[in-house]
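Geometric and topological summary
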Amino acid sequence: ADAELWSSREGGFAKARKRLEGRPLPIERTKGSEVLFGIAPCSLALSQSRRDLFRLFLKQSSGSRRLVMSEFVLQATARGVPVHHVGRRELDALCRGQVHQGVCLEATPLRFKSLEEAEKPDLGDEESPNRQLIWLVLEHIQDPMNLGALLRSAYFLGVDRVVTSQRSSCPLTPTVSKASSGAMEVFDVYGTDDLRSFLKAKTAEGWEVVGTVSKPEDVENVPVISCLEFRWNKPVIIVIGSEGDGLSLETQLLCHRMLAIPPGRALHPGIESLNVSVATGILLHSICSQRLRHSD
C-alpha cells in the first residue's frame, strides 16, 4: 500500500513539474513600453532612432535563421540594447501569440506627429514649384491590418505624407508595424483632431482634394470620375474612408472630385467593393505612375 501511495505521489509530482516546464517564464515589461514582433519591424526599429529601445528577445535558431539572428545581435549591440535568448513560449507570451518569426523588441510606442511638423517640408517647394506632391489622408481607419497595409503601399508608391484623423482611428501599434512590413518604422504618420479644417486649409493653398468611393451612385453634389481619367496637375490629397462606412458626408462635401475604380466584370451583389487597402493601392498606383511618366 505504501509503495502504491508513493508511486501515485511521484506521478503527481512529475505531472506538476511537466506543467511548470511547459509554461513560459514571466517576463516583466518596462513601464510604458510595447513589444514589437517580426523580423522587418524589429530590424527597422533597431536601425532607426525613432524609439527608445529596452530589450531584444531572440529565439535560438539554426540553419538559415541563424545568420538573421546573428545580424540582430550585431544591430542590438551597436545600439546598446541588451539581448535575451528565450524559448518560443516566452516569445509567444510577449507578443500574445502573434507571428513573431523568432524576434521581439521591447520599445517605446510611436505616436502620430503633429501637422505643424508636416508643414515644414513644403517651404522648399518655391525652388521647384511644379513638383508633384501627393498626401494620403485617412478618415476613421480602425483595423490595424488595413492601416499597416495602407502605410506599406503609401511608402512603396511614393506618397509624401500620410495624415490620419486621430479620433476613432487605430493608433500606431505593433500589429500595424507588422502589417506594414516595418514601413511604419521609417515613414512618419501625422495626426489631426480637425480633419475638415485641415482639408479647407490645403484647398486654400491650392491643393486638390480628391475623395474615394466604391459606389458612385452614393455620392451627391460631388462629381465622380474613374481613377483612369484623373489627371494630376497640382498638389493632391487623396482621402480614404473606413471600410464599412466610407467617407463621412461632411468630408465628401470638401472634396473637389471623387474617384472610383471601374470593375472588370458585372459584379454579384454583396461583393461589389474591394478591401480598403487594396483599393487604395490601385488608386495610388494609378496616380503616382503619372509622376513617373512626367519625370522621364
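Residues numbered from 1 in each chain as written. Predicted model: local features only at pLDDT ≥ 70, side-chain atom pairs only at ≥ 80, totals over all residues. Heavy atoms only, no water.

Named according to an unreviewed UniProt entry, the protein chain is rRNA methyltransferase 1, mitochondrial originating from Ciconia maguari. In its Sequence similarities (unreviewed entry) section, the UniProt record describing the protein chain reads: "Belongs to the class IV-like SAM-binding methyltransferase superfamily. RNA methyltransferase TrmH family." (UniProt positions renumbered as here; feature names shortened; annotations may be inferred.)

Okay, the sheet that holds strand E6 (residues 134-138) next. Across the sheet, 8 strands lie side by side as E5-E8-E7-E6-E11-E9-E12-E10; this open sheet has parallel pairing. Looking along the sheet, the strands with just one partner apiece sit at the ends: strand E5 (113-114) and strand E10 (224-226). Where E5 meets strand E8 (residues 189-192), 2 bridges bridge the pair, whose relative direction is parallel. Across the sheet, the residue bridging to Ser114 is Gly191, located in E8. Relative to the sheet, helix H6 (residues 144-157) contacts E6, strand E7 (161-165) and E8, its axis offset from that of E6 by approximately 175°. Relative to E6, helix H8 (residues 195-204) is tilted by about 160°, and along the sheet it contacts E6, E7, E8, strand E9 (208-212) and strand E11 (236-240). (Pairing = 2+ DSSP bridges. Helix = DSSP H or I, 4+ residues; strand = E, 2+ residues; numbered from the N terminus. Contact = heavy atoms within 4.5 Å. Axes fitted to C-alpha atoms, helices over the stretch in contact; angles between N-to-C directions.)

A few words now on the packing of aromatic side chains. Per the stated rule, a full pass over the model turns up 3 aromatic pairs. Of the aromatic side chains, those joined through ring pairs into one cluster are Trp135, Phe198 and Trp207. Against the face of Trp135 rests Lys202, its NZ or CZ located 4.5 Å from the ring centre. (Phe/Tyr/Trp six-rings, centres within 6.5 Å; stacked < 30°, edge-to-face > 60°. Lys NZ or Arg CZ within 6 Å of the ring centre and 35° of its normal.)

Turning our attention to the sheet that holds strand E3 (residues 83-86). Taken in spatial order, the 4 strands of this open sheet run E1-E4-E2-E3, and their pairing is mixed. Of all the strands in the sheet, just strand E1 (34-37) and E3 have a single pairing partner and so form its edges. When the angles between neighbouring strand axes are averaged without regard to direction, this sheet yields 25°. Two strands pair when backbone bridges link them, and strand E2 (residues 53-59) and E3 are joined in this way by 4 bridges, in the parallel orientation. Within E3, the residue paired with Phe57 across the bridge is His84. Together, E1, E2 and strand E4 (103-107) form the strand contacts of helix H2 (residues 39-47), whose direction differs from that of E4 by roughly 40°.

Moving on: H2. Every buried residue of H2 is listed here: Pro41, Cys42, Ala45 and Leu46. Down the axis of H2, the buried set is contained in an arc of 125°. They therefore lie on one face. (Buried < 20%, exposed > 50% of the residue type's maximum accessible area, 1.4 Å probe, protein only. Arc of directions from axis to C-beta.)

Positive phi, normally seen in glycine, also occurs at Gln101, with a value near 55°. With respect to the secondary-structure elements, Gln101 resides in the loop between helix H4 (88-94) and E4. One non-glycine residue, Ser168, lies in the positive phi region at around 60°. Its location among the elements puts Ser168 in the loop between E7 and helix H7 (174-179). Here Ser168 falls in the partly exposed class, since its relative accessible area comes to 46%.

The next thing to look at is the nonpolar core. By size, the foremost hydrophobic cluster in this structure holds 32 residues, and its most contacted members are Leu136, Val162 and Ile238. Those elements that place two or more of their residues in this core are E6, H6, E11 and helix H10 (276-295). Leu136 has contacts with Ala154, Val159, Arg161, Val162, Val163, Ile238, Ile240, Thr280 and Leu284, leaving out every residue within four places of it along the chain. Residues Leu133, Ile237, Val239 and Ala260 belong to the second largest nonpolar core, which totals 20 residues. (Core = buried A, V, L, I, M, F, W, Y, C linked by side-chain atoms within 4.5 Å.)

Let's shift gears to the pattern of salt bridges. Inspection of the entire model under this criterion finds 9 salt bridges. The residue Arg51 makes a salt bridge to Glu34 at a minimum N-O spacing of 2.9 Å. Of this pair, Arg51 sits in the loop between H2 and E2 while Glu34 sits in strand E1, and the two are 17 residues apart along the sequence. Of the two residues, Arg51 and Glu34, both sit in the buried class. A single network of salt bridges, built from pairs that share partners, joins Glu34, Arg51 and Glu185. (Salt bridge = Lys/Arg side-chain N within 4 Å of Asp/Glu carboxyl O.)

Before going further, it helps to examine H8. Restricting attention to buried positions, one finds in H8 the residues Leu195, Phe198, Leu199 and Lys202. Down the axis, H8 shows its buried residues gathered within 95° of arc, on one side only. Projecting away from the buried face of H8 at angles above 90 degrees are the exposed residues Lys200 and Ala204.

Moving on: the environment of Gly80. With respect to the helices and strands, Gly80 occurs in the loop between helix H3 (64-79) and E3. Separated by 26 residues in the primary sequence, Gly80 and Phe54 have C-alpha atoms spaced 9.1 Å apart.

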